[in-house]
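Read off the chains here:
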Amino acid sequence: MSASACPKCHATEATKSGIIAGRQRFKCKSCGYHFTVDKIGREVDSYYVIKALQLYIEGVSYREIERLLGVSHVSVMNWVKKYGLKAPRQTDYHPTYKILNHRELAEFFQQPENLKSAGMVITELGDKFMMIRWERFRPS
Ligand SMILES: [Zn+2]
C-alpha cells in the first residue's frame, strides 16, 4: 500500500486504525506512528466498496455514505452502476443508522425495548460498529 507510507519513517507497512472525520487512519507497523491519509485514494480496497454498497442498499444517501466512509459520492455512484445494483424502494421501513463503539453497542443491547419492532444489522466500521436499524413504524 504505497499510498499509506509512514510520514515519519517511510515504512510502507501500516495497519488500518479507524476512520477519523472521514479520513482513514493508519498505524505504522515499524514505528507505531499514527497518521491519516487525506482521501482514500484511487485504489479503494474492496472493504469500502462492500460497505458503501451495503449502505446504499439500506437506503443511505450518496452524500451520507461519503461522510461516513470518506469515499467520494462519485465513486459510490460508479460502483452502484458497475455492479448494477438497485436499492428496493423503501416505503414501510425507515432505516436509521448509528456509529457506536463497543461499550455503546453493549449498552444498546441491554435495553430490550431497543430490539422491538425493528430489524437491524451491525457491521464493522474501522474501529467502531455501525448499526443500521429499520423501524417498523416511523417514530411519531
Ligand atoms: Zn513509521
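The structure this text deals with has already been given above.
About the criteria used
Residues numbered from 1 in each chain as written. Predicted model: local features only at pLDDT ≥ 70, side-chain atom pairs only at ≥ 80, totals over all residues. Heavy atoms only, no water. Helix = DSSP H or I, 4+ residues; strand = E, 2+ residues; numbered from the N terminus. Buried < 20%, exposed > 50% of the residue type's maximum accessible area, 1.4 Å probe, protein only. Contact = heavy atoms within 4.5 Å. Areas by Shrake-Rupley, 256 points an atom, 1.4 Å probe, with all protein chains shown as cover. Arc of directions from axis to C-beta.

1. Considering the overall build of the protein chain
Reasoning step 1: Each helix and strand in the protein chain was counted, giving four helices and six strands.
Reasoning step 2: Ordering the α and β elements of the protein chain from the N terminus gives β-β-β-α-α-α-β-α-β-β.
Reasoning step 3: Taking all 140 residues of the protein chain together, the buried fraction comes to 32%.
Reasoning step 4: Summarising the internal contacts of the protein chain: among those between residues at least 6 apart in sequence, 49% fall at separations of at least 24.
Reasoning step 5: Accessible area for the protein chain stands at about 9100 Å²; split by element, carbon and sulfur atoms hold 52% of it.

2. Some words on helix H3 (residues 73–82)
Side chains of residues three or four places apart in an α-helix project in the same direction, reflecting 3.6 residues per turn.
Reasoning step 1: Residues of H3 that are buried include every one of His73, Val76, Trp79 and Val80, and no others. The buried residues of H3 all sit within an arc of 115° when viewed along its axis, so they share a single face. More than 90 degrees from the buried face of H3, the exposed residues found are Lys81 and Lys82.
Reasoning step 2: On its buried side, H3 packs onto helix H1 (46–57) and helix H2 (62–69).
Reasoning step 3: Remark: Gly84 follows H3 within two positions and exhibits a positive phi of approximately 60°.

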